[in-house]
Amino acid sequence: MNDGALLFESFMLMLIGMGIVFSFLLLLVGILRLMSTLILRLAPAEELQPTPSPVAAPLPADGSEDLIAVISAAITRYRAQR
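Residues numbered from 1 in each chain as written. Predicted model: local features only at pLDDT ≥ 70, side-chain atom pairs only at ≥ 80, totals over all residues. Heavy atoms only, no water.

(A) Summary view of the overall build of the chain. In terms of regular secondary structure, the chain is built from two helices and zero strands. Scaling as 2.2 N^0.38, a compact globule of 82 residues should have a C-alpha radius of gyration of about 12 Å, whereas the chain reaches 35 Å, well beyond that. A principal-axis box enclosing the C-alpha atoms of the chain has dimensions of 100 × 50 × 10 Å. Going through the 82 residues of the chain one by one, you find that 1% of them count as buried. Carbon and sulfur atoms form 71% of the exposed surface of the chain, whose accessible area is close to 8,300 Å². (Helix = DSSP H or I, 4+ residues; strand = E, 2+ residues; numbered from the N terminus. Rg over C-alpha atoms; globule rule 2.2 N^0.38 Å. Buried < 20%, exposed > 50% of the residue type's maximum accessible area, 1.4 Å probe, protein only. Areas by Shrake-Rupley, 256 points an atom, 1.4 Å probe, with all protein chains shown as cover.)

(B) Spotlight on helix 2 (residues 64-81). Spanning 18 residues, helix 2 covers 26 Å between terminal C-alpha atoms, matching the ideal 26 Å at 1.5 Å per step. Of all 18 residues in helix 2, one are buried; the element is thus mostly exposed. (Expected span 1.5 Å × (residues − 1).)

(C) Looking closely at a nonpolar patch on the surface. Taken together, the side chains of Val21, Phe24, Leu25, Leu27, Leu28, Ile31, Leu32, Met35 and Ile39 make up a nonpolar region of the molecular surface, amounting to roughly 850 Å² of accessible area. You can see Leu25 is positioned in helix 1 (residues 3-42). We classify Leu25 as partly exposed; its relative accessible area is 44%. (Patch = residues over 30% accessible without salt bridge, like charges linked within 9 Å, V, L, I, M, F, W, Y side chains within 5 Å. Salt bridge = Lys/Arg side-chain N within 4 Å of Asp/Glu carboxyl O.)

Right, dumping it as structure tokens:
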């Protein structure tokens, strides 16, 4: 067997193998699309209701300025020590 014939046979074997793999992948994609269509038809996706975002409660007016001042001073002192 000469080199040309051997090269031609290896090329044909490569094309057959690639064709089989490509055909299998096409079949797999087709089956997955069919399954997706059937599932959506049998059990349609439920629409999610938007949940309201939590609203922050307003700070009480009694002494909140003092509390904010104390927290700010504590943060400032903590950062100064580091």
